[in-house]
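Summary of structural features
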Amino acid sequence: MDSIVILTVLVVIFALVFDFINGFHDTANAIATSVSTRALPPKIAVIMAAVMNFIGAITFTGVAKAITKDIVDPFALSNGSLVILAALIAAIIWNLLTWYYGIPSSSSHAIMGSIAGAAIAAAGFDILNYSGFIKILEALLLSPFIAILAGFLVMSLFKVIFKKASLYKTNKGIRLLQICTAALQSFTHGTNDAQKAMGIITMALIAAGWQAGGDIPLWVRIAAATAMGLGTSIGGYKIIKTVGGKIMKLRPINGAASDLASASVIFGATLIHLPVSTTHVISSAIMGVGSAQRIKGVKWGVARKIVITWIITMPIAAILAAICYFMLDLIF
């Protein structure tokens, strides 16, 4: 069998594996608040998240198209399939490591850094589409700050709205609201995060000469959405524990505020075709909500560890991808 065919098939398989891992790694963030406040039992939350992720993933393709062309030009890569395969393997390794230790790192940062690192290893720094890459990098870096502000504003608004309500009645009503916000959160996660695997598979098809344009084939959309939905159904309880309780002690009103704030930021990014880190956005929204309530209520030591992980993910993923590329280049 031709090596291009083998590599392309491997890329499709590993992209779906990445999406599957993304499902139980990142989607845990989407339901962490509703589980920790007991608005939803874990099993019900996971099933709901899986369904909403699938629906969100299959609905939009703008982010996938941005990934296909904005980091590197697939047509300029003479060995593009090898580059993409190396990037996927590196991102999967990093995701599994951070999942094992319960660290809510960013799958988005991991895959962006991996693609850049593998491409540079293959063809040097000139291969990067700097305008597109910087645009994506700006979205990844700015979105957490926007989420902190959004969380602060939503929580401040909730404090005014529910100022005179009894705590018992407020918590009971907010738990019902939180079920809706958790579903919205999972939907928006699917609209953005599942797009990354779609874009990667499409890049591989273009690099192999099997596709001329950047449109996302229907089978790719269905396959990526299904992989993420299945991954979500397994759940990521280690990360739920970190996001849902270690950043701050959550009550139903805090959870609903952070869900609503982060879902708004993620969906806004999807509408303008920019990939963002759902992990960063959700964690940052929780910090913003905590700051609106009581600055000291946020466990900044845990938040600091999460931020450090955010910072180191891209360079580590890029180095891992470069190593993977050189090893694969010896094989193929």
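All values derive from a computational prediction rather than experimental measurement.

Procedures and definitions
Sequence order as written defines the numbering, with residues in each chain counted from 1. In view of the model being predicted, local features appear only for residues whose pLDDT reaches at least 70, and side-chain atom pairs are presented and counted only at 80 or more, with totals across whole chains, interfaces and linings using the full set of residues. Hydrogens are left out, water is left out, and the side-chain values use all remaining heavy atoms of the structure. Throughout this description, the term salt bridge denotes a Lys or Arg side-chain nitrogen within 4 Å of a carboxyl oxygen of Asp or Glu. Helical segments are the DSSP runs of H or I of at least four residues, strand segments are the runs of E of at least two, and each set is numbered from the N terminus. Accessibility here uses a 1.4 Å probe with only protein chains present; expressed as a share of the type maximum, an area under 20% marks a residue as buried, one over 50% as exposed, and anything in between as partly exposed. A helix is expected to span 1.5 Å for every residue after the first. Put simply, buried Ala, Val, Leu, Ile, Met, Phe, Trp, Tyr and Cys residues joined by side-chain atoms within 4.5 Å make one nonpolar core. Between two residues, a contact is recorded if the distance between any of their heavy atoms is within 4.5 Å. Here a cavity denotes grid points, spaced 1 Å and computed from the protein atoms alone, that fit a 1.4 Å probe unable to get out, and a pocket denotes an open set having protein on both sides within 12 Å along at least 5 of 7 lines; residues with an atom within 4 Å of a point are the lining. Grid points are joined across faces, edges and corners, and a volume is the space filled by probe spheres set on the points. Paired rings are identified among Phe, Tyr and Trp, the last through its six-membered ring, by centres lying within 6.5 Å, and are further divided according to the angle between planes into stacked (under 30 degrees), edge-to-face (over 60) and tilted (the rest). What counts as an axis is a line fitted to C-alpha atoms, over the stretch in contact for a helix, and the angles between N-to-C directions run from 0 to 180 degrees. To sort the angles, those under 35 degrees are grouped as roughly parallel, those over 145 as roughly antiparallel, those from 65 to 115 as roughly perpendicular, and the leftovers as oblique. Helix crossings fall into two classes, left-handed where the near helix is turned counterclockwise from the far one by less than a right angle and right-handed where it is turned clockwise. Gly falls in the polar group here, along with every residue not listed as nonpolar (Ala, Val, Leu, Ile, Met, Phe, Trp, Tyr, Cys, Pro) or charged (Asp, Glu, Lys, Arg).

Quick notes on the pattern of salt bridges
- What the rule picks out here adds up to three salt bridges.
- The partner of Asp215 in a salt bridge is Lys65, and the shortest N-O contact between them spans 3.7 Å. A residue pair is termed long-range when its members are at least 10 positions apart, and Asp215 in the loop between α7 (167-207) and α8 (218-234) and Lys65 in helix α3 (residues 62-70) qualify at 150 residues.
- The exposure class assigned to Asp215 is exposed, which follows from its relative accessible area of 53%.
- Take Lys65: its relative accessible area is 33%, and that puts it in the partly exposed class.
- Notably, a salt bridge pairs Lys196 with Asp193, separated by 2.5 Å at the nearest N-O pair. Taken together, the positions of Lys196 and Asp193, both in helix α7 and three residues apart, correspond to about one turn of that helix. Each member of the pair, Lys196 together with Asp193, is buried.

Things to note about helix α5 (residues 107-123)
- When the terminal C-alpha atoms of α5 are compared, their 24 Å separation across 17 residues agrees well with the 24 Å that a helix rising 1.5 Å per residue should span.
- α5 sits mainly inside the fold: 13 of its 17 residues count as buried.
- Backbone geometry just downstream of α5 places Gly124 in the positive-phi region, at approximately 85 degrees.

Brief notes about the nonpolar core
- Membership of the largest hydrophobic core comes to 56 residues, with the highest contact counts inside it found for Val72, Leu88, Ile111, Met112, Met198 and Ile200.
- When residues of this core are traced back to their parent elements, those giving at least two are α1 (3-36), α3, α4 (80-100), α5, α6 (130-161), α7, α8 and α12 (300-331).
- The element that contributes the greatest number of residues to this core is α4, accounting for twelve residues.
- Leave out the neighbours within four places in its chain, and Ile111 touches Phe18, Ala87, Leu88, Ala91 and Ile200.
- Listed in part, the 22 residues of the second largest apolar core include Ala256, Val265, Val276 and Ala292.

Some words on the layout of surface pockets
- The volume enclosed by the largest pocket comes to roughly 230 Å³.
- In terms of lining residues, the largest pocket is bounded by 14 residues, among which Pro144, Phe145, Val307, Trp310 and Ile311 are the most central.
- Listed by contribution, the elements that provide at least two residues to the lining of the largest pocket are α6, α11 (278-293) and α12.

What about the packing of aromatic side chains?
- Summed over the entire model, instances satisfying the criterion amount to three aromatic pairs.
- Pairing Tyr325 with Phe326 gives two aromatic rings, centres 5.8 Å apart and planes at 65 degrees, and the pair type is edge-to-face.
- One aromatic cluster is present, formed by Phe60, Phe187 and Phe267 through successive ring pairs.

Considerations on the packing of helix α10 (residues 252-271) against α11
- As a packed pair, α10 and α11 sit with axes 8 Å apart at the nearest point and diverge in direction by 135 degrees. The pairing of α10 with α11 is recorded here as oblique in orientation. The chirality of how α10 crosses α11 is right-handed. Every residue of α11 that contacts α10 at Asn254, Ala257, Ser258, Ala261, Ser262, Val265 and Ile266 is listed here: Thr278, Val281, Ile282, Ala285, Ile286, Val289 and Gln293.
- Looking at side-chain class alone, the contact of α10 with α11 contains nine nonpolar, five polar and no charged residues.

Comments concerning the environment of Ser78
- One can find Ser78 in the loop between α3 and α4.
- In this structure, the C-alpha to C-alpha distance between Ser78 and Ala122, residues 44 residues apart in sequence, is 9.1 Å.

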